[in-house]
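Report on the structure
Read off the chains here:
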Amino acid sequence: MRKHFVPTGLLALAVLLAATPVLASVGEALPAAYLHESAPLSSVELVRLSPLDLDAVEAEDEARERDGLPPRYAIPTPAQITPHTHGTWEEIELGTSMWRLRIASEGALSINLGFTLYDMPRSGRLLLYSADGSYIVGPFTDADNEAHGELWTPVVISDDIVVEVTLPTKEVDRLGLELTSINVGYRGFGGLLTRAPGWCNIDVVCPEGDDWRDSISSVAAISTGGSTFCTGFMVNNTAEDGTPYFMTANHCGISTSNDQSLVVYWNYESPNCGDLSGGSLSDNQTGSLHLASYSSSDVTIVLLDDDPDPTHEVTYAGWDWSGANPSGAVAIHQPDAMEKCISFEDHPTTTTSYLGSSSPGDGTHVRVDDWDLGTTEPGSSGSPLFDLNHRVIGQLHGGYAACGNDEPDWYGRFS
């Protein structure tokens, strides 16, 4: 979101499980290295990245903010890594091979990976996990093979991770895997923020969200290119056929060149009212197809590669294209790559130009005069604004709202 702020600084399986509890897991798999006799992790090839220069990152983020670019949570490092050039292979049982690569960047809050070639043979799988076994992401299988041929992973909350592939030995030559982006996290998405979240933010789990549960579950935090974050939402269509259309802001930067890198985090919410922390990133999916963008009202719509997992209980937001200004409005958003929040405007919205106050202006935006409860922050961009009938009337473009002020926000007008 185009906000004005300055960041402030940047064995036996039973024994193993008892010693190393899994804090977060996407899927049901445990590392094959834990389940089979294998070489010690210390013998696996390590790719070590230099720690981030957080002072330089802070200066870059300030410049990005001035230029209206989406905020970042990670810094990409180009790579050229395949199982044929890097890592360590071994046969863990007759007919089954395992490849591992260790990646570390001291002090990183998270690491995520961009594979611009991903072609997993049948019966193969890819798993990512922290070197201490406390955080597991995956498995990714041949079901994740897409026409665009890429795989961008969710974050692993660690500064030292393991990439593990297991597959039948006879299929090793069929494996297509090329890692070209290692993305080192320094804020948000399960890590520490570079600044404290606004004190007036309201967790969606709080009682204020009780009348909005169905709308809340349509909203998600998103990552693009393994480095930038925004908010978006699942949107219904008139056929109501469950087509996975997903909307966000145009300035969040999704295009035909990077749409495959989209990662959507559903249900990233605080477990308790007032926590503004502690949410799980385990409900996620990757990849999309860019369909359309319109800069005047700052909107982008994509088609997700897959339907949301039914167990994530994602809903599809309804909408109103009449252009009418409602008597009040509600925002549901993921501020600063943190847990989902809800905000309330108890007065009518107006139709204006972006950053304008005269109505109707050029008619491209919905203006929220000031938030009566809650606020928005960088990263809230692309989040939906609902009328009091729970219908989307816009997605967040930008503004000046913050805790402690009565400044406005502007939403690209859905109509």
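Only a predicted model underlies this, so the values are computations on that prediction, with no experimental measurement involved.

1. Topic: the overall build of the chain
Scanning the chain from terminus to terminus reveals four helices and 26 strands. Counting only C-alpha atoms, the chain reaches 70 × 45 × 35 Å along its principal axes. Here the chain holds 415 residues, and 58% of them are scored as buried. Computed over 19 positive and 58 negative side-chain charges, the separation of the two mean positions in the chain equals 3 Å.

2. As for the pairing of strand 18 (residues 299–304)
Two elements, strand 14 (residues 245–248) and strand 18, share four bridges in a ladder whose sense is antiparallel. Bridge assignment links M247 to a residue of strand 18, and that residue is I301. Summarising the sheet, strand 17 (residues 288–294) and strand 18 pair through six bridges and their orientation is antiparallel. Counterpart to Y294 in the pairing with strand 18 is V299.

3. Here's the deal with the sheet that holds strand 3 (residues 74–81)
Strand order in the open sheet made by the four strands is 3-11-6-9, with antiparallel pairing throughout. Unpaired on one side and paired on the other, strand 3 and strand 9 (151–152) mark the two borders of the sheet. With nine bridges connecting them, strand 6 (residues 110–119) and strand 11 (residues 176–185) associate as antiparallel partners. Note on strand 11: the bridge partner recorded for G114 is S181.

4. Some thoughts on empty space enclosed by the protein
Considering only enclosed or pocket space, the second largest cavity measures out at about 60 Å³ in volume. If you trace the second largest cavity, you find it lined by D320, G323, A324, N325, P326, T349, V366, I393, R413, F414 and S415. Of the residues that constitute the lining of the second largest cavity, the class distribution is five nonpolar, four polar and two charged.

5. Structural notes on the pattern of salt bridges
Applying the stated rule across the entire model yields 11 salt bridges. Of the charged contacts, one joins E60 and R72 as a salt bridge, the two residues approaching to 3.0 Å between their closest N and O atoms. Here the residue E60 occupies a position in helix 3 (residues 54–66), and R72 occupies one in the loop between helix 3 and strand 3, the gap between them amounting to 12 residues. For E60, a relative accessible area of 41% puts it in the partly exposed group.

6. Regarding the state of the cysteines
Under the counting rule described, the total for this entry stands at three disulfides. One disulfide in the model links C200 with C403; its S-S distance is 2.1 Å. Classification of the bridge connecting C200 and C403 rests on its S-S torsion, roughly -90 degrees, and on that basis the disulfide is left-handed. Within this pair, whereas C200 is found in the loop between strand 11 and helix 4 (213–216), its partner C403 is found in the loop between strand 25 (391–399) and strand 26 (409–413), the two being separated by 203 residues in sequence. A residue is classified by how much of its surface remains accessible, and C200, at 15% relative accessible area, is buried. Covalently, C206 is tied to C273 through a disulfide, its sulfur atoms 2.0 Å apart. Looking down the S-S bond of the C206 and C273 bridge, the torsion is 100 degrees, so its handedness is right-handed. With a gap of 67 residues between them, C206 in the loop between strand 11 and helix 4 and C273 in the loop between strand 15 (263–266) and strand 16 (284–286) connect regions that are remote in the sequence. Here the chain pairs its bonded cysteines, counted in sequence order, in the arrangement 1-6, 2-5, 3-4. Here C341 is not cross-linked by a disulfide; its sulfur's nearest cysteine counterpart is in C206, at 8.3 Å. Overall, C341 belongs to the buried group, its relative accessible area being 0%.

7. A word on the packing of aromatic side chains
Applying the stated criterion across every chain, the model contains 13 aromatic pairs. Aromatic pair W371 and Y411: ring centres 6.4 Å apart, planes at 80 degrees, arrangement edge-to-face. Separated by 40 residues along the polypeptide, W371 in the loop between strand 23 (365–368) and strand 24 (384–386) and Y411 in strand 26 bring together distant segments of the chain. You can call Y411 buried: its relative accessible area is 0%. Cluster of aromatic residues (ring-pair linked, three or more members): Y73, F189, F229, Y265 and Y268.

8. Some thoughts on the nonpolar core
Ranked by internal contacts, the top residues of the largest apolar core, which has 42 residues, are I103, L113, F115, L126, V163, I182 and F189. Ignoring anything within four residues of it in the chain, the contact list for F115 reads L126, E150, L151, W152, T153, V163, L177, E178 and L179. Listed in part, the 17 residues of the second largest apolar core include W212, V235, V299 and F344.

9. Description of a negative patch on the surface
Together, D346, D372, D406 and E407 make up a negatively charged patch on the protein surface. Position of D406 among the secondary structure elements: in the loop between strand 25 and strand 26.

10. Quick word on unusual backbone geometry
The linkage connecting G138 with the following residue, P139, adopts the cis geometry, with an omega of 10 degrees. Position of P139 among the secondary structure elements: in strand 8 (residues 135–140). A cis amide bond links S359 to the next residue, P360, at an omega of 10 degrees. Among the structural elements, P360 can be located in the loop between strand 22 (350–352) and strand 23. Non-glycine residue S123 carries a positive phi angle of around 80 degrees. Structurally, S123 can be placed in the loop between strand 6 and strand 7 (125–130). Even without being glycine, L355 reaches a positive phi, approximately 65 degrees. Relative to the elements of secondary structure, L355 occurs in the loop between strand 22 and strand 23.

Cut-offs and rules
- Residues numbered from 1 in each chain as written.
- Predicted model: local features only at pLDDT ≥ 70, side-chain atom pairs only at ≥ 80, totals over all residues.
- Heavy atoms only, no water.
- Helix = DSSP H or I, 4+ residues; strand = E, 2+ residues; numbered from the N terminus.
- Buried < 20%, exposed > 50% of the residue type's maximum accessible area, 1.4 Å probe, protein only.
- Lys, Arg positive; Asp, Glu negative; His and termini not counted.
- Charge placed at Lys NZ, Arg CZ, Asp CG, Glu CD.
- Pairing = 2+ DSSP bridges.
- 1 Å grid on protein atoms, 1.4 Å probe; cavity = no way out; pocket = protein on both sides within 12 Å on 5 of 7 lines; lining within 4 Å.
- Points joined across faces, edges and corners; volume = space filled by probe spheres on them.
- Nonpolar A, V, L, I, M, F, W, Y, C, P; charged D, E, K, R; others polar.
- Salt bridge = Lys/Arg side-chain N within 4 Å of Asp/Glu carboxyl O.
- Disulfide = S-S within 2.5 Å.
- Phe/Tyr/Trp six-rings, centres within 6.5 Å; stacked < 30°, edge-to-face > 60°.
- Core = buried A, V, L, I, M, F, W, Y, C linked by side-chain atoms within 4.5 Å.
- Contact = heavy atoms within 4.5 Å.
- Patch = residues over 30% accessible without salt bridge, like charges linked within 9 Å, V, L, I, M, F, W, Y side chains within 5 Å.
- Areas by Shrake-Rupley, 256 points an atom, 1.4 Å probe, with all protein chains shown as cover.

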